[in-house]
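The chain contents come next:
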Amino acid sequence: MTRATTTLVILTSAVVVAFLGSLATGSVTVPLGEVVTVLFGGEASTPGWAVIVVQFRLPKALTAILAGAGLAVAGLLMQTLFRNPLAGPYVLGISSGASLMVALVVLGTTTWGLAGWIVGDLTLVMAACIGAAGVLGLVLLASRHVSTLSLLILGVLFGYASGALVTVLLHFSIAERIRAYLQWTFGSFGSVTLGQIWLLATVVLGALVLATLLAKPLDGLLLGEAEARALGVEVGRVKTGVLIATALLAGSITAFCGPIGFIGIAVPHLARGLLGSVRHRLLIPASAAAGALIALLADLLAQLPGHDAVLPLNAVTALLGAPVIAWIVIRGRNLGELF
């Protein structure tokens, strides 16, 4: 087998092992054999184990796979589009738009005297999706009139502006609402139910298919827009496709799981290193598999197996991703040499 095939097989196998480990591990340990029995429709020797595996751990593990794969591919797309090794899926302000809308719902119920509103999981998901979709519209409109670099700057500026508005809302809100919002910002794979996963899976898988269809022209973009046009790449359409795929991935995952950092920046570099290639036909599935694996491992670490306490997911992903980012920076004399 070639190096790429071997890498993909190993990553896929590791995802399966981590998936089963995620179902077996937690505050209550379920034997692996019982987990497999439950997954294939059998009855567990202890009735409570089936409930734990199917109702609680299975949705969380599937969400981790979808979120990790989606964020990793979104990061890969952004790094290719901007030719920047530190670009991430939230560089266009999509996550900031989602966070701002969630803050308006959670904190605005107090600030504007709307205490009668019911702030539940579905409300937060809808708010985050609306915020992400609104930013997507602005990005697609701006992309027709400004350069890629200007689009990157606009995304960063929008992120700062959104953060400032959230800070104002936090200042005028009450402690209960502040805690609810901060809990959402910690990130979690455990808030998605079995009934909601189909929607998340539809959006994420659809965006991943779109990214896969763009694999060949993305290879051309690595040479620069002018060179890509000379090779016959329709740069405008490719940019629009990349922006749509990234917005769908980042927006839907942020809506359901909260803003999760570092996976989108770090995982594409791990995939490049493992494959030894920059061809997107290989990088996209490798990034998706590596992202799913990292997300499952981060969730396992966050659960503190054997304990009831759960660490904030963003803290774990930062601890896993920060060394990778540091290695990226130290590896070259300047960022331009790293991509």
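Not measured: the values here are computed from a predicted model.

Chemist: Could you give an account of the environment of Ala127, naming the residues involved and the relevant values?
Modeler: Following the sequence through the fold, Ala127 ends up in helix α5 (residues 121-143). For the pair Ala127 and Phe19, spaced 108 residues apart in sequence, the C-alpha separation works out to 30 Å. Once residues within four sequence positions are removed from consideration, Ala127 is found in contact with Met101, Val102 and Val105.

Chemist: Explain the packing of helix α3 (residues 47-82) against helix α11 (residues 235-257) to me, and be specific about the residues and the numbers.
Modeler: For any two helices packed against each other, one specifies the inter-axial angle together with the distance between the axes. The contact between α3 and α11 brings their axes to 9 Å, and the two run at 145°. For the element pair α3 and α11, the recorded crossing hand is left-handed. Listed contacts from α11 to Thr63, Leu66, Ala67, Gly70, Leu71, Val73, Ala74, Leu77, Met78 and Leu81 of α3 are Lys239, Val242, Leu243, Ala245, Thr246, Leu249, Ile253 and Cys257. Looking at the contact of α3 with α11 residue by residue, the class counts come to 14 nonpolar, 3 polar and 1 charged.

Chemist: I'd like a rundown of the pattern of salt bridges, residues and numbers included.
Modeler: Under the counting rule described, the total for this entry stands at 3 salt bridges. A salt bridge links Glu225 to Arg229, with the nearest nitrogen and oxygen atoms 3.8 Å apart. Of this pair, Glu225 and Arg229 both sit in helix α10 (residues 225-230), 4 residues apart, which is roughly one turn of that helix. Judged by its relative accessible area of 28%, Glu225 is partly exposed. Between Lys239 and Glu225 there is a salt bridge, with its nearest N and O atoms 4.0 Å apart.

Chemist: A description of the side chain of Ser277 should follow, citing residues and the corresponding values.
Modeler: Mapped onto the elements, Ser277 comes out in the loop between α12 (263-275) and α13 (280-303). Ignoring any residue separated from it by four or fewer positions in sequence, one finds Ser277 in contact with Arg272, Leu282 and Leu283.

Chemist: Break down the side chain of Asp299 for me, with residues and values.
Modeler: The topology assignment puts Asp299 in helix α13. Although buried, Asp299 forms no salt bridge, and the nearest oppositely charged side chain, Lys60, lies 4.0 Å from it. When near neighbours in sequence (up to four residues on either side) are disregarded, Asp299 contacts Ser22, Lys60, Phe189 and Leu313.

Chemist: Lay out the packing of helix α2 (residues 32-39) against α3 in plain terms, naming residues and giving numbers.
Modeler: Taken N-terminus to C-terminus, the directions of α2 and α3 make an angle of 75°; their axes are 10 Å apart at the nearest point. If you check the angle between α2 and α3, you find them roughly perpendicular. Every residue of α3 that contacts α2 at Glu34, Val35, Val38 and Leu39 is listed here: Trp49, Ala50, Val53, Val54 and Leu58. For the contact of α2 with α3, the per-class residue count stands at 8 nonpolar, no polar and 1 charged.

Chemist: Describe the nonpolar core, listing the residues and the values that go with them.
Modeler: Val73, Met78, Phe82, Leu92, Tyr181, Phe189 and Val242 are the most contacted members of the largest nonpolar core, which has 99 residues in total. In terms of residue count, the dominant contributor to this core is α3 (17 residues). In this view, Tyr181 contacts Ser99, Val102, Ala103, Val106, Leu107, Val166 and Leu170; residues no more than four positions away in its chain are not counted.

Chemist: Any details on unusual backbone geometry? Residues and values, ideally.
Modeler: With a phi angle near 75°, Phe262 is a residue other than glycine that sits in the positive phi range. Turning to its location among the elements, Phe262 is positioned in the loop between α11 and α12. In this structure Phe262 comes out as partly exposed when scored by relative accessible area, which is 33%.

Chemist: Give me the lowdown on a nonpolar patch on the surface, citing residues and values where you can.
Modeler: A surface patch of nonpolar side chains, amounting to about 620 Å² of accessible area, comprises Leu149, Ile153, Leu154, Val156, Leu157 and Tyr160. When you line up the elements, Leu157 lands in helix α6 (residues 148-172).

Chemist: If you had to explain the environment of Thr29 to someone new, which residues and values would you point to?
Modeler: By the element assignment, Thr29 lies in the loop between α1 (3-24) and α2. Apart from the residues lying within four places of it in its own chain, the contact partners of Thr29 are Ala24, Trp49 and Arg57.

Chemist: A description of α1 should follow, citing residues and the corresponding values.
Modeler: Taking 1.5 Å of rise per residue, 22 residues should cover 32 Å, and α1 covers 32 Å from first to last C-alpha, within 8% of that figure. All of the buried residues along α1 are Ala4, Thr7, Leu11, Val15, Ala18, Phe19, Gly21, Ser22, Leu23 and Ala24. Buried residues along α1 sit in contact with α2, α3, α12 and α13.

Chemist: Provide a residue-level description of α12, including the pertinent values.
Modeler: In this model α12 runs 18 Å from its N-terminal to its C-terminal C-alpha over 13 residues, within 8% of the 18 Å that 1.5 Å per residue would give. Buried within α12 we find Ile263, Gly264, Ala266, Val267, Pro268, His269, Ala271, Arg272 and Leu275. The positive-phi residue at the C-terminal boundary of α12 is Gly276, with phi of around 70°.

What counts, and where the lines are drawn
Residues numbered from 1 in each chain as written. Predicted model: local features only at pLDDT ≥ 70, side-chain atom pairs only at ≥ 80, totals over all residues. Heavy atoms only, no water. Helix = DSSP H or I, 4+ residues; strand = E, 2+ residues; numbered from the N terminus. Contact = heavy atoms within 4.5 Å. Axes fitted to C-alpha atoms, helices over the stretch in contact; angles between N-to-C directions. Left-handed = near helix turned anticlockwise from the far one by under 90°. Nonpolar A, V, L, I, M, F, W, Y, C, P; charged D, E, K, R; others polar. Salt bridge = Lys/Arg side-chain N within 4 Å of Asp/Glu carboxyl O. Buried < 20%, exposed > 50% of the residue type's maximum accessible area, 1.4 Å probe, protein only. Lys, Arg positive; Asp, Glu negative; His and termini not counted. Parallel < 35°, antiparallel > 145°, perpendicular 65-115°, else oblique. Core = buried A, V, L, I, M, F, W, Y, C linked by side-chain atoms within 4.5 Å. Patch = residues over 30% accessible without salt bridge, like charges linked within 9 Å, V, L, I, M, F, W, Y side chains within 5 Å. Areas by Shrake-Rupley, 256 points an atom, 1.4 Å probe, with all protein chains shown as cover. Expected span 1.5 Å × (residues − 1).

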